[in-house]
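Notes for the structure review
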Amino acid sequence: MKQDGLGYIVRGKNGFLHILFYNDNIVRFAYSKDEEVPKSTVAVIAEPTGIDGFLEDDGVLKAGVFKVDVDRDSLAVKISDLYGSILSEDLMVSFQKTKIEKKKLWEHGIYGNGEKYSWLNQLGSKTINYNSDVLLHHKFHHPAVQEMHTAIPFFIGTCPGKAYGLFFDNSYRTTFDFAKSDPEIISFQADGGNLDYYFIYGLDLADVVKGYSLLTGTLPLPRRQILGYHQSRYSYQNQEELLAVAEGLRKHDLPCDFLYLDIHYMDAYKVFTVNKDGFKDFKEVLQKLKKMGFGVVVIINPGVKVEEGYRVFEQGKEKGYFVTKPSGEVYQGEVWPKPAAFPDYLRTEVRQWWGEFYRELLESGVEGIWNDMNEPSDFTRGSGTLPDDAVHRSDDGTEVPHAEVHNIYGLLQTRATREALEAIQPEKRSFVLTRAAFAGSQRYSALWTGDNSSLWEHMECSIPMILNLGLSGYSFVGADVGGFRGDCNGEMLARWTQLGAFIPFFRNHSEIGSARQEPWVFSAEVLEIVRKYICLRYQFLTYFYNLMKESANSGVPVARPLLYHYQDDLNTYHINDQFLLGEGLMVCPVVRPGIKNRMVYLPDGDWYDYWTGEKLSGGRYVIAEAPLDKLPLYVKAGTILPLNDSGLNKKTDEPIRKLTAHCYSGTDGYCRLYFDDGFSTKYRQGEYSELEIIMKKGLQGMRTEINVLRDGYPIPEIKLKIHDG
Ligand code: GLC
């Protein structure tokens with residue numbers, strides 16, 4: 001081993017190993033055939049930093065928190081901490097198979113791993129990371145489906161007191177085996193590309209998630225309004241129907257900020273067109289909705305209809321902007337518009353060209369863009385996507401096979417979208433939603449988990465899916481509330497809305513041909529429950545917004561599994577149906593029909609029943625009452641919850657004028673709050689305020705204090721309310 005630039009290099013029998021550091025806790029192992037450090041994928045935005053390392057006589061490298069020992073022959077790596085305890089040990093490194101096998105060591109659980117239909121803890125399972133339009137192959141999502149819409153080849157191994165993250169920076173189809181085939185081995189493998197991975201060490205999960213976010217980025221602070229409720233359907237087919245939904249929401253006193261236009265708003269599914277039969281007054285309707293407090297989000301898929309005279313197709317073809325066959329001919333697949341060509345978003349020029357088309361939509365008043373079918377989906381082929389040998393071209397003209405671009409195709413599309421939106425409306429925070437994503441996509445878009453069904457099982461599985469996405473750096477996520485495919489019913493909608501109200505992205509969406517599932521279609525009782533929880537969501541808007549800010553700063557998840565804060569408590573390692581929103585609010589959804597009570601695990605400490613104010617001691621299981629109108633919620637002693645006064649604030653874009661900070665006493669508490677206008681980018685120039693609320697035990701009970709830390713935007717009036725059980 002010898003020093004090489006900022007890092008180290010080792011020559012082995014079959015090639016080279018580069019060891020690079022990104023900070024004291026993050027080390028990269030990149031294998032190559034030659035002496036050049038392999039190129040990272042688009043996921044990584046961090047640069048290696050030089051670090052003071054020390055090569056011992058026996059060839060062991062000491063740097064940061066690590067000791068790294070490399071076998072000179074095979075280039076297998078053993079990583080220990082500075083005290084010598086082993087953190088990771090390779091059993092096999094295969095250049096030929098692009099595969100590494102590691103010894104399963106102390107992991108009690110494996111988490112993260114992007115979007116997976118699985119339980120929270122994935123130890124003992126095997127998965128494939130390959131973006132797929134699931135419904136092309138399966139009737140619905142189920143645990144045997146390994147290839148979901150979004151692949152994030154990153155996982156976390158943990159046990160009490162320590163954790164590591166492993167990010168396999170490879171955009172080909174990858175396979176992870178978490179000690180399934182062999183209980184002693186954890187392995188990862190790719191169909192092509194490089195063996196190039198990052199090992200992130202931390203005392204806890206938070207360190208690891210922050211380290212991963214440092215490598216791949218965080219979400220930009222969203223518009224506050226986007227944290228409200230969204231109503232969608234495939235499709236609101238014409239302007240009358242869209243307006244009727246908007247009126248229905250207002251008539252029933254349902255707060256809602258966004259409505260969606262699915263594929264039928266287009267002319268013959270041609271992207272960047274509007275169907276003039278159904279939406280003859282497109283602009284006026286959007287304006288009218290805006291006055292009613294609704295923003296409209298429109299769908300834009302990658303598949304461009306192959307049709308002579310259609311400008312997007314004609315331009316793309318003429319400029320050579322579409323993905324081609326190896327022969328150079330434009331590749332034609334099939335999506336909603338039937339024959340379709342696929343823009344080659346790998347090139348900057350193509351992304352910019354595509355981005356310009358958004359201008360008209362934005363000028364018409366569109367407030368957000370929904371990028372779908374971007375795995376990319378292709379109906380003509382058994383694989384459901386483009387062939388591996390379809391050709392993309394990089395900025396310097398090099399041909400890159402689809403096999404390498406496949407998993408980042410969705411990311412590249414959302415990048416094109418986001419960059420365009422920001423260039424066209426620089427003063428406004430843009431909103432992009434995607435179905436397919438890769439590591440790093442959180443920088444460009446929110447994500448929804450694709451085509452679920454109106455099944456209780458899908459409501460249940462959405463919880464670990466969303467929590468694992470959060471641990472994979474993706475905070476701004478949600479599942480279709482009420483379920484997309486199949487028929488929802490009143491009870492299910494009530495329960496799913498309760499859950500959705502505490503998930504970062506909150507949208508009711510359903511498939512064409514399925515039963516309607518707007519909040520008022522079932523019964524007065526269901527409507528009332530749905531209204532209650534949507535209103536509750538709006539009361540929690542400042543809380544959510546602050547969690548999003550924290551996530552934008554450092555990548556910490558908004559919705560967190562219990563073990564995120566209670567890693568020393570092994571009881572939390574398998575809890576799939578409870579989660580923490582931030583640190584102090586525990587959400588315990590009901591995910592089965594006919595339930596009136598449910599078991600809840602309260603970790604150590606005191607907890608308050610949010611509804612009754614009763615104080616309960618933790619470190620035990622309790623039975624919570626959960627009639628249909630009740631979602632069990634608990635608040636940890638020491639938490640300060642900032643709640644907006646009215647849930648019926650229909651103008652979410654208006655400044656927040658009043659807040660009540662609910663202080664749950666028992667132990668000292670601290671909360672930092674951030675305020676800005678909620679929609680513009682002025683906060684980047686310093687137009688924001690920050691304050692802290694401190695709660696301390698004093699001789700005469702709890703003492704609270706508010707300190708303004710920065711005064712760059714009007715601070716709402718804050719009332720304090722002490723809860724002491
Ligand atoms: C895909 C999307 C779904 C959308 C439909 C029609 O199935 O996942 O959300 O409604 O396409 O555009």
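**Digging into the pattern of salt bridges**
Side chains that differ in sign of charge can pair as their charged atoms come close. Scanning the entire structure with this criterion turns up 36 salt bridges. The salt bridge partner of Lys270 is Asp267, with a shortest N-O separation of 3.6 Å. Judged by its relative accessible area of 10%, Lys270 falls in the buried class. When its relative accessible area of 35% is taken as the criterion, Asp267 is described as partly exposed. Shared partners join several salt bridges into a network, and the residues in it are Asp133, Asp372, Glu375, Arg435 and Asp451.

**Some details on the packing of aromatic side chains**
Throughout the structure, instances matching the rule amount to 51 aromatic pairs. Between Tyr111 and Tyr573, the ring centres sit 6.3 Å apart and the planes meet at 75°, which makes this aromatic pair edge-to-face. Of this pair, Tyr111 sits in strand S11 (residues 109-112) while Tyr573 sits in the loop between strand S32 (559-560) and strand S33 (579-581), and the two are 462 residues apart along the sequence. Here the two residues Tyr111 and Tyr573 agree in accessibility, since each one is buried. By way of ring pairs, the aromatic residues Phe29, Phe66, Trp106, Phe155, Tyr164, Phe168, Phe176, Phe178, Phe188, Tyr197, Phe199 and Tyr201 are connected into one cluster.

**So, the packing of helix H10 (residues 490-500) against helix H11 (residues 524-539)**
Two elements in contact, H10 and H11, have axes whose closest approach is 9 Å; the angle formed by their N-to-C orientations is 5°. Comparing their axes, H11 and H10 come out roughly parallel. On the side of H10, the interface is formed by Gly490, Glu491, Leu493, Ala494, Thr497, Gln498 and Gly500, while H11 contributes Val526, Ile529, Val530, Tyr533, Ile534 and Arg537. Class assignment of the residues belonging to the contact of H10 with H11 gives a composition of 7 nonpolar, 4 polar and 2 charged.

**Examining the sheet that holds S32**
Sheet strands pair via backbone hydrogen bonds, and the direction of the pair is either parallel or antiparallel. Pairing is antiparallel across the open sheet formed by 6 strands, whose spatial order is S32-S33-S34-S39-S36-S37. The two strands at the open ends of the sheet, each matched to only one other strand, are S32 and strand S37 (615-617). For strand S36 (residues 606-609) and S37, the ladder comprises 3 bridges, and the chain directions are antiparallel. Across the sheet, Trp607 pairs through a bridge with Leu616, a residue of S37.

**Focus on the site of the ligand**
Not every one of the 13 residues close to the ligand is listed here, only the nearest: Asp262, Asp372, Arg435, Asp451 and His509. The side chain of Asp262 places a nitrogen or oxygen atom 2.5 Å from an oxygen atom of the ligand. Note that an oxygen atom of the ligand is positioned 2.5 Å from one of the side-chain N or O atoms of Asp451. Expressed as a share of its isolated accessible area of 300 Å², the protein-covered part of the ligand is 97%. The residue inventory of the shell around the ligand, partitioned by class, reads 8 nonpolar, 1 polar and 4 charged.

**Focus: the packing of helix H9 (residues 456-471) against H10**
Two elements in contact, H9 and H10, have axes whose closest approach is 11 Å; the angle formed by their N-to-C orientations is 5°. Judged by the angle between their axes, H9 and H10 are roughly parallel. Listed contacts from H10 to Trp456, His458, Met459, Ser462 and Ile463 of H9 are Glu491, Met492, Arg495, Trp496 and Leu499. Considered class by class, the residues forming the contact of H9 with H10 number 6 nonpolar, 2 polar and 2 charged.

**Focus on the pairing of strand S2 (residues 7-11)**
The buried fraction of S2 is high, at 4 of 5 residues. In this sheet, S2 lies alongside strand S1 (residues 2-4) in antiparallel orientation, the contact comprising 3 bridges. When the bridges of S2 are listed, Lys2 appears paired with Ile9. Connecting S1 to the next strand, S2, in antiparallel fashion are 2 residues, including Gly5 with a positive phi near 60°. Bridge count for S2 against strand S3 (residues 16-23) is 4 bridges, and the pairing is antiparallel. Paired with Tyr8 across the bridge in S3 is Ile19.

**Remarks on unusual backbone geometry**
Between Tyr234 and the following residue, Ser235, the backbone shows a cis peptide bond with an omega angle of -5°. With respect to the secondary-structure elements, Ser235 resides in the loop between strand S18 (229-231) and helix H2 (239-251). Omega for the peptide link from Glu375 to Pro376 comes to -5°, which places this bond in the cis form. Examined against the element boundaries, Pro376 turns out to sit in the loop between strand S24 (368-371) and strand S25 (391-393). Located in the positive-phi region is Ala179, a residue other than glycine, with phi close to 60°. Mapped onto the elements, Ala179 comes out in the loop between strand S15 (174-178) and strand S16 (185-190).

**Looking at the environment of Lys338**
Mapped onto the elements of the fold, Lys338 is located in strand S23 (residues 338-341). Between the alpha carbons of Lys338 and Asp711 there is a distance of 55 Å; along the sequence they are 373 residues apart.

**Here's the deal with the side chain of Gln122**
Mapped onto the fold, Gln122 is located in the loop between S11 and strand S12 (126-129). For Gln122, a relative accessible area of 2% gives the class buried. If sequence neighbours within four positions are ignored, Gln122 has contacts with Ile110, Gly112, Asn113, Lys116, Thr127, Phe178 and Asn468.

**Notes on a nonpolar patch on the surface**
On the surface, Met599, Tyr621 and Ile623 cluster together into a nonpolar patch covering about 340 Å² of accessible area. In this fold, Tyr621 is placed in strand S38 (residues 620-625).

**Focus on the sheet that holds strand S22 (residues 333-335)**
Reading across from one edge, S21-S23-S22 is the order of the 3 strands in this open sheet, with antiparallel pairing throughout. The two strands at the open ends of the sheet, each matched to only one other strand, are strand S21 (304-305) and S22. With 3 bridges joining them, S22 and S23 adopt antiparallel strand pairing. Opposite Gly333, over in S23, you have Ala340 as the bridge partner.

**Some points on the nonpolar core**
Formed by 166 residues in total, the largest nonpolar core has its most connected members in Tyr265, Phe282, Trp354, Tyr358, Phe502, Phe540 and Leu581. Per element, the largest residue contribution to this core is 8 residues, and it comes from H11. Counting residues in hydrophobic clusters, the runner-up holds 39 residues, among them Tyr8, Ile51, Ile79 and Tyr201.

**As for helix H8 (residues 409-424)**
An ideal rise of 1.5 Å per residue puts 22 Å on 16 residues; H8 measures up with 23 Å between its terminal C-alpha atoms. In terms of burial, H8 is a largely internal element, 12 of the 16 residues being buried. Along H8, the residues classified as buried are Tyr409, Gly410, Leu411, Leu412, Gln413, Thr414, Ala416, Thr417, Arg418, Ala420, Leu421 and Ile424.

The rules behind these values
- Residues numbered from 1 in each chain as written.
- Predicted model: local features only at pLDDT ≥ 70, side-chain atom pairs only at ≥ 80, totals over all residues.
- Heavy atoms only, no water.
- Salt bridge = Lys/Arg side-chain N within 4 Å of Asp/Glu carboxyl O.
- Buried < 20%, exposed > 50% of the residue type's maximum accessible area, 1.4 Å probe, protein only.
- Phe/Tyr/Trp six-rings, centres within 6.5 Å; stacked < 30°, edge-to-face > 60°.
- Helix = DSSP H or I, 4+ residues; strand = E, 2+ residues; numbered from the N terminus.
- Axes fitted to C-alpha atoms, helices over the stretch in contact; angles between N-to-C directions.
- Parallel < 35°, antiparallel > 145°, perpendicular 65-115°, else oblique.
- Contact = heavy atoms within 4.5 Å.
- Nonpolar A, V, L, I, M, F, W, Y, C, P; charged D, E, K, R; others polar.
- Pairing = 2+ DSSP bridges.
- Near = heavy atom within 4 Å.
- Polar contact = N/O pair within 3.5 Å; in protein donor to acceptor, adjacent residues only side chain to side chain.
- Areas by Shrake-Rupley, 256 points an atom, 1.4 Å probe, with all protein chains shown as cover.
- Patch = residues over 30% accessible without salt bridge, like charges linked within 9 Å, V, L, I, M, F, W, Y side chains within 5 Å.
- Core = buried A, V, L, I, M, F, W, Y, C linked by side-chain atoms within 4.5 Å.
- Expected span 1.5 Å × (residues − 1).

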